[in-house]
Amino acid sequence: MRRTLALAFAGAFVLPGTASAHGIGGVKDLPVPLWLFSYGGALVLVLSFAALGALWKEPRLETPARGRPLPAALQYVLLSRPLRIVIGLLSVLLFVAVIAAALVGERSTATNIAPTFIWVIFWLGLVPIVVVFGNVWRALSPWAAVADAVEWTFGRGRVSYRRIEYRAQWGRWPAAALLFLFMALELVYDEPADPLTLAVAIAAYSLITWYGMMFFGRETWLRNGDPFAVYFEFLSRLSIFAVDEHGDRRQIVVRRPLSGLAARDATPGTVALVAVMLGSVSFDGLSRTRFWVDLRYEAIVASIDYGNLLAMLLNLGALGMTVAAVAGAYRLAVGAAARVARSGEALAGVFVWSLIPIALAYAVAHYFSLFVLQSQYAIPLASDPLGRGWDLFGSADHRVNLAPLSPNTIWYVQVGALVIGHVIGLVVAHDRALVYFRSARTALRTQYALLALMVLYTIGGMWLLSQG
Amino acid sequence: VQPMRRVAVAAAAAIAAVVLFLLLRPSSDGGEAAPSSTAPTSSSSATATATATTTATTATTATPRKRPRSATVRITIRDGRVLGGIKHPRVQKGELVTLVIRADVSDEVHLHGYDVSRAVTPGHVVRVAFHATVAGRFEIELEERGLEIAELEVER
C-alpha cells in the first residue's frame, strides 16, 4: 500500500556536486493514490471545458485597446537611455565574467560558476521573471547591448544594414533549430555542464547572433532567428506588462491577463519552436525513467570506444522524436478542429499560443525544485567564480540547504502547475475559437480535439513526473 | 438552458467516473492499475530488483518499520560493465550506507548529490561509507568512463 515513488528533478545535466541529485526521494502519505491525481487532473480539464462552453460565449481576451500605460514618470525612467546604457554595461560585464570563468576557471562544474550561471540562473531563472515582468530579456541581453554599442560607434546603418533579405517562409525556423541544438546540448550531450564545452557553445552562439543581426538586421534576427529572444518573447506573452510600439513611440502598458496570447500567428516555425519547448522538457522527464536509464547504460557498455557516442545518438533520436510527437499531436488536434469547422484554412497559427501556458507549466513542474536547490550554489560561486579559493563577496563558505523542499511539496507544485497550465491553455484556445469561428456552437465543437490533446498532455506529464 | 444541462451531464458523468474508479480500484495496491499498463518499467518489478541488488546487512525494504541502521551496496565492475546490470539500490534516510566497489579498471567512482569521489583500481576493493541524510535519487558514476553504474534511492 505504501508504495513509494521517486520524483525526478528531471535535470538530466550534471551540475555541481549535488547537482545531479535528480531525485527527491519517495513521496509518501499522499491523501489519495497517485493514479487518482491523473484522473483528477483530467476531470478538472473536462469540467473547465464544460464550464467554458456554458459560460464563456464571447471572446474576452482580445482587446482593441493596447492596455493602460504605466504612469508617465515610471515609463520615463524605465525606457530612459541612461538606464539602458547602465543595464547594457552590467550585462556585458557579467557576460565577459561568465565567459572568462568558463575559459580560465577550474574545469569543474562544482567550482566554476559558468555552468550554474548558464543552466540555472539564466536558463531557468529568467523564466519566472519574464512571465511576471514581461520580456525583460530584450533589455538584459548582452548580445543586443554589444550590437547597440557597435551601431552607436560606427553609426546607425553602417553595420546593421540588411545585406541579405530575410525571406518570409524562413519564419522562426532558425530560432526553432537553434533552440533544438541548445536543448540537445543540455539533454543529449554527455558533458553539458563542462565549462570548456560551455565556452565553445557561447562563442558559437555569439557568432551566430552577431552575424545574424548584421546580415538580416537586428530586429529581424531577434524576432525570428535568435532562440533565446524568441523563447523569452513567447513566454512573456503570459505577462500583463508589454512594450507597445507605435511608430517611434514606445510605452510600457499593463494589459489584460492572457491577452498577449490572444493573437493569431501563422509565422512558419512557430509551432516547431513551441514543440521544442514542450518536447525537450518531456524528453528530460522521459530520460529519467528506469527504462531510459537502463537503455542508456546498455548503449554505453556496448562498446568501449563508441558506447558514449551511441548513447548520445539514442538521446538525440528520442529528443527529436519527442519534439516531433508533440508537434504531430498538436497538428492532429488542429486538423480535427478544421474538419469539424469545415475550415479550409490551416488553423495551426490560430491556437498555437494556447500551448504557451502548457510549456510554462511543464517547465515549472520539471525544474522548479531543481532551481530552488541549484540556484543556492550561485551564492558561494559568486565569491569564488573560478575555483581559485577567492572570497570576493564573503559568501564563499555559504552552505546550501540540500533538501529545501519536501517531496510532497514538490509533487503538489508539479500537479498544480500541470493542471492550472492546461486549464489556462483551454481558456486561451476556447477564446481563440470564439474569435475565429463566430458561432459559439462551432467554436465549442472544434475544441473537443484540443481538449483530448490537453488531457493527454496532462496525464502524460504527470506520468513522466511520477516516473523520474 | 441547454448548455447548463450539458454541464450538469458532464459533471455527473465525471463524478460517476471517479466513484467507479474508487470502487473498482483493484484492492490495496491500486496505484498500479491504470497508469502502469503504459508503464512496463515501473515499480512492481522495480521493488524486486532493488531488493535483490541491495545486499543489505539488514533487509532494507522488507521491514520498513524497524528502520535498520545500516545498509551495504555492493557493485562489481568487470569488463567495463556492472555485474548484473545497472543497480537500483534503495536505502532509508538516516541509514549508514556503505558502498563496496570492486572494479577491474582504474577510474573514479562518484556518488553525485553527496558528492563523494573515490579512486578505484583493479584488484582493490573500495569502501565508501556515508550517512544517507538527504532523500532523493542519486547517480553513482564511473567518472572518466562517463558510465552510470547505479542509481541510489534514499527514501524518506
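Preceding this paragraph is the structure being described.
What you are looking at is a predicted structure, and each value in this text was computed from that prediction instead of being measured.

Parameters and conventions
Residues numbered from 1 in each chain as written. Chains lettered and ligands numbered in written order. Predicted model: local features only at pLDDT ≥ 70, side-chain atom pairs only at ≥ 80, totals over all residues. Heavy atoms only, no water. Pairing = 2+ DSSP bridges. Helix = DSSP H or I, 4+ residues; strand = E, 2+ residues; numbered from the N terminus. Polar contact = N/O pair within 3.5 Å; in protein donor to acceptor, adjacent residues only side chain to side chain. Contact = heavy atoms within 4.5 Å. Salt bridge = Lys/Arg side-chain N within 4 Å of Asp/Glu carboxyl O. Buried < 20%, exposed > 50% of the residue type's maximum accessible area, 1.4 Å probe, protein only. Axes fitted to C-alpha atoms, helices over the stretch in contact; angles between N-to-C directions. Parallel < 35°, antiparallel > 145°, perpendicular 65-115°, else oblique. Left-handed = near helix turned anticlockwise from the far one by under 90°. Nonpolar A, V, L, I, M, F, W, Y, C, P; charged D, E, K, R; others polar. Expected span 1.5 Å × (residues − 1). Phe/Tyr/Trp six-rings, centres within 6.5 Å; stacked < 30°, edge-to-face > 60°. Lys NZ or Arg CZ within 6 Å of the ring centre and 35° of its normal.

Chemist: In this structure, what is going on with the sheet that holds strand β5 (residues 249-254) of chain A? I would like to understand it.
Modeler: Hydrogen bonding along the main chain pairs the strands of a sheet, whether they run parallel or antiparallel. The strand order β3-β5-β4 (chain A) describes an open sheet built from 3 strands, whose pairing is antiparallel. In this open sheet, the two strands that pair with only one neighbour each are β3 (68-69) and β4 (241-246) of chain A.

Chemist: I tried to follow the side chain of Thr442(A) on my own but got confused; where do I start?
Modeler: Residue and element names in this part refer to chain A. Tracing the backbone through its elements, the reader meets Thr 442 in helix α19 (residues 440-467). For Thr 442, the side chain forms a polar contact with the side chain of Ser 439, separated by 2.9 Å. Apart from the residues lying within four places of it in its own chain, the contact partners of Thr 442 are Ala 341 and Phe 437.

Chemist: In this structure, what is going on with the pattern of salt bridges? I would like to understand it.
Modeler: Side-chain pairs of opposite charge can arise where the charged atoms are in close proximity. The tally for this structure, following the rule as stated, stands at 17 salt bridges over all chains. In this structure, Arg288(A) engages Glu151(B) in a salt bridge whose closest nitrogen and oxygen atoms are separated by 2.6 Å. Separated into two different chains, Arg288(A) in the loop between α12 (270-286) and α13 (290-302) and Glu151(B) in strand β9 (residues 147-155) make up a pair that spans both. Grouping residues by exposure puts Arg288(A) and Glu151(B) together as buried. With a closest N to O distance of 4.0 Å, Glu148(B) and Arg296(A) form a salt bridge. Separated into two different chains, Glu148(B) in strand β9 and Arg296(A) in helix α13 make up a pair that spans both.

Chemist: Would you mind going over the sheet that holds strand β8 (residues 136-142) of chain B with me for this structure?
Modeler: Residue and element names in this part refer to chain B. Taken together, the 5 strands give an open sheet; going across it, the order is β3-β9-β8-β5-β6, and neighbouring strands pair in mixed fashion. A single partner strand is all that each edge strand has here, and the edge strands are β3 (90-92) and β6 (116-120). Averaged over all pairs of adjacent strands, the angle between strand axes in this sheet comes to 20°, irrespective of strand direction. Bridge count between β8 and β9: 7 bridges; the pairing is antiparallel. Bridge pairing links Glu 141 to Glu 148 in β9.

Chemist: Can you help me understand the packing of helix α4 (residues 113-122) of chain A against helix α9 (residues 195-216) of chain A in this one?
Modeler: Axes are the key here: two packed helices are described by the angle between their axes and the distance separating the axes. Residue and element names in this part refer to chain A. For the pair α4 and α9, the least separation of the axes is 9 Å and the interaxial angle reads 55°. Considered as vectors, α4 and α9 are oriented oblique to each other. When you trace α4 past α9, the crossing you get is left-handed. Touching Ala 114, Pro 115, Ile 118 and Trp 119 of α4 are Pro 195, Leu 198 and Ile 202, all from α9. Per-class residue counts for the contact of α4 with α9 are 7 nonpolar, no polar and no charged.

Chemist: I keep staring at helix α18 (residues 407-437) of chain A and nothing clicks. Help me out?
Modeler: The periodicity of an α-helix, 3.6 residues per turn, causes residues three or four positions apart to be oriented the same way. Residue and element names in this part refer to chain A. Between the first and last C-alpha of α18 there are 45 Å, a value that for 31 residues agrees with the 45 Å anticipated at 1.5 Å per step. The element α18 is largely enclosed, with a buried count of 23 among its 31 residues. Backbone geometry just downstream of α18 places Arg 438 in the positive-phi region, at approximately 65°.

Chemist: Just checking my understanding: could you explain the packing of aromatic side chains for this structure?
Modeler: Note on aromatic pairs: each is described by the distance of the centres and the angle between the planes. All names here are of chain A. Applying the stated criterion to the full structure yields 31 aromatic pairs over all chains. Taken together, the ring pairs in this structure connect Phe 95, Trp 119, Phe 122, Trp 123, Trp 137, Trp 143, Phe 182, Tyr 205, Trp 210, Phe 228, Tyr 231 and Phe 232 into an aromatic cluster. Of note, Arg 60 hangs over the ring of Trp 56, and the distance from its end group to the ring centre comes to 5.1 Å. Lying across the ring of Trp 353, Arg 237 places its NZ or CZ 4.0 Å from the centre.

Shape is all these values report; function is a separate question.
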